[in-house]
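What follows is each chain in one-letter form.
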Amino acid sequence: MTIADRWLLPDGMDEVLPPQAARMEELRRALLDLYHRWGYDQVMPPPLEFLDSLLTGTGTDLDLQTFKLTDQLTGRMMGASADVTPQVARMDAHSLKRQGPVRLCYCSNVLRAKSDQHQGSRSPVQVGVELFGHAGLEADLEILRLALSSVKAAGAHEVHLALGHIGLYRSLVQAAELDRDEERAIFAALELKSPGDLAACVESSVTDPALAEMFLALVDLHGGLDVLDDARRVFAEAPAPVAAALEQLAALCDGVAAADPQLDIYIDLAELRGYEYHTGMMFAAYVPGYGQALAKGGRYDDTGRAFGRARPATGFSMDLKLLATLDEQQPPCDGIWAPADDAPGLAQAVQGLRQAGERVVQALPGQRTGPAEHRCDRKLVCMGDDWQVSHLA
């Protein structure tokens, strides 16, 4: 390795420098304060857990994203947290064991074995909330509204909300009595938004003509709110859970639109992201200029079952690093420059200003940089026996 190579970081690993670090910390505080005002209690999950706990009920995607290592104390396999949500679900089910609805929030570094199409970084700072213990539409609506408030708190002005419901596809699969391979084949075709592949899979797997037409219609049921009216016609004779899923989506749309009439809502009934994980409504929030969702989440009931306590659950998460790029204004030039001096009273003046909340930068002997490079718009000057703050000329 050459000297020039020693500073290189692994692909997908990034450092955070000023002023982004300051912006991220400001935003972290703002979001956690927002969640506190909504009644969410902060938790801090550990960076490592045993694999049999960390990966319970999450499917294969998270398994592939998890760095694994052997615990030198026990010989058991451990994993670095690649997603905080399963950890918080364990806390609710096993550690807290509270009755009734439980609201938890977090902001934690995670580590991923590889980059994926949704998150470029392998070391995001994951921030989000989870609401356990309530299966009703009201809980989902609260999560949606809080997610939208979070994105706007980060500086987003034009938010686009994409909504779907995994229960609709699950109900059709159950009604068609598909086996695992048939289910996955149709899933793959829908994920690719490929009508040709979907038609071939449905023709070979779905024997009921009415159900076959419903599967084929999924790929075209995306767009504005009028999609729900189209879906009601397409699924008029579908199993009851399909109609229930559509009515849930309609109610959620009404609920978020009431809070923000200007919100752009996009419905996609073929969106199956997190199929092995989600159990109900799913959503993602986008803003123009960003190719990936700023916030994503949904309902994931019964994740705590593996910990001995199945609970309804809904929530969302975001990458604080990505959110911090929404508002990249330079930090204010609001500091006070103090000279490199041991004159009487200077140390006391600096200490008093810092205790009062001011940012004071004291020069070091021989320093060549000045107030402008250190974001100072004022300076301490000696006037007689006293040190006074004066504006820079």
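Reading guide: rules and limits
Residues numbered from 1 in each chain as written. Predicted model: local features only at pLDDT ≥ 70, side-chain atom pairs only at ≥ 80, totals over all residues. Heavy atoms only, no water. Buried < 20%, exposed > 50% of the residue type's maximum accessible area, 1.4 Å probe, protein only. Helix = DSSP H or I, 4+ residues; strand = E, 2+ residues; numbered from the N terminus. Pairing = 2+ DSSP bridges. Axes fitted to C-alpha atoms, helices over the stretch in contact; angles between N-to-C directions. Contact = heavy atoms within 4.5 Å. Phe/Tyr/Trp six-rings, centres within 6.5 Å; stacked < 30°, edge-to-face > 60°. Lys NZ or Arg CZ within 6 Å of the ring centre and 35° of its normal. Salt bridge = Lys/Arg side-chain N within 4 Å of Asp/Glu carboxyl O. Expected span 1.5 Å × (residues − 1). Arc of directions from axis to C-beta. Core = buried A, V, L, I, M, F, W, Y, C linked by side-chain atoms within 4.5 Å.

Participant: I'd love a proper account of the pairing of strand S11 (residues 295-299), names of residues and values included.
Facilitator: Counted residue by residue, S11 has 4 buried out of 5 residues, so it is predominantly covered. Relative to S11, strand S10 (residues 281-286) runs antiparallel, the two being bridged by 4 bridges. The residue of S11 that forms the bridge with Ala 285 is Ala 295. Relative to strand S12 (residues 313-319), S11 runs antiparallel, the two sharing 4 bridges. Paired with Lys 296 across the bridge in S12 is Ser 317.

Participant: Please provide a residue-by-residue account of the sheet that holds strand S14 (residues 360-362), values included.
Facilitator: Spatially, 4 strands are ordered S14-S13-S15-S16 in an open sheet, and the strand pairing comes out mixed. The open sheet terminates on both sides in strands that have one partner only, identified here as S14 and strand S16 (386-391). The mean angle between the axes of side-by-side strands here comes to 35°, regardless of whether they run parallel or antiparallel. In this fold helix H13 (residues 346-355) packs onto strand S13 (335-338), S14, strand S15 (376-383) and S16, with an angle of close to 150° to the strand it touches most, S14.

Participant: Give a description of the packing of aromatic side chains that names residues and reports values.
Facilitator: The full count for this structure, using the stated rule, is 4 aromatic pairs. Judged by centre distance (5.4 Å) and plane angle (10°), the rings of Tyr 277 and Tyr 300 are stacked. Here Tyr 300 lies in the loop between S11 and S12 and Tyr 277 lies in the loop between strand S9 (264-268) and S10, a separation of 23 residues in the sequence. Three or more aromatic residues joined by ring pairs make a cluster, and in this case those are Phe 132, Tyr 277 and Tyr 300. Above the ring of Phe 50, the side-chain terminus of Arg 76 is found at 3.7 Å from the ring centroid. Above the ring of Tyr 40, the side-chain terminus of Arg 103 is found at 5.9 Å from the ring centroid.

Participant: Lay out the pattern of salt bridges in plain terms, naming residues and giving numbers.
Facilitator: Scanning all chains against the criterion turns up 19 salt bridges. We note a salt bridge from Glu 25 to Arg 29, for which the minimum N-O separation is 2.9 Å. With a gap of 4 residues between them, Glu 25 and Arg 29 both fall in helix H1 (residues 20-37), about one helical turn apart. Measuring nitrogen to oxygen at the nearest pair gives 3.1 Å for the salt bridge that ties Asp 140 to Arg 299. Separated by 159 residues along the polypeptide, Asp 140 in helix H5 (residues 137-153) and Arg 299 in strand S11 bring together distant segments of the chain. Note on accessibility: Asp 140 and Arg 299 belong to one class, buried.

Participant: Describe the environment of Asp 92, listing the residues and the values that go with them.
Facilitator: Of note, Asp 92 is situated in helix H4 (residues 84-96). Note on Asp 92: relative accessible area 1%, which makes it buried. Between the C-alpha atom of Asp 92 and that of Val 102, which follows or precedes it by 10 residues, the distance is 7.6 Å. Apart from the residues within four sequence positions on either side, Asp 92 is in contact with Lys 97, Val 102, Phe 132, Arg 309 and Arg 311.

Participant: How would you explain the sheet that holds strand S7 (residues 160-165) if you had to name every residue and give the values?
Facilitator: An order of S1-S5-S6-S12-S11-S10-S7-S9-S8 is seen for the 9 strands of this open sheet, with the pairing classed as mixed. The sheet is open, and its two borders are formed by strand S1 (41-42) and strand S8 (222-223), each paired with just one other strand. Set on the sheet, helix H11 (residues 240-259) makes contact with S7, S9 and S10; between it and S7 the angle comes to about 160°.

Participant: Any details on H1? Residues and values, ideally.
Facilitator: Between its terminal C-alpha atoms H1 stretches 26 Å, which fits the 26 Å expected from 18 residues at 1.5 Å a residue. Those residues of H1 that sit buried are Arg 23, Met 24, Leu 27, Leu 31, Leu 32, Leu 34 and Tyr 35. Along the axis of H1, the buried residues cluster in a sector spanning 155°; they form a single face. With respect to the buried face of H1, the exposed residues turned more than 90 degrees away are Arg 29, His 36 and Arg 37. Structurally, H1 contributes buried residues whose contacts are with S1, strand S5 (102-109), strand S6 (125-132), H5, S12 and helix H12 (320-323). After H1 finishes, the residue Gly 39 shows a positive phi value of roughly 95°.

Participant: Give a description of the nonpolar core that names residues and reports values.
Facilitator: Tyr 35, Phe 215 and Phe 235 are the most contacted members of the largest nonpolar core, which totals 83 residues. Residues within four places of Phe 235 in sequence aside, it is in contact with Leu 168, Leu 172, Met 214, Leu 218, Leu 221, Val 242, Leu 246 and Leu 269. One finds Met 91, Leu 104, Tyr 300 and Ala 313 within the second-largest nonpolar core, a separate group that totals 13 residues.

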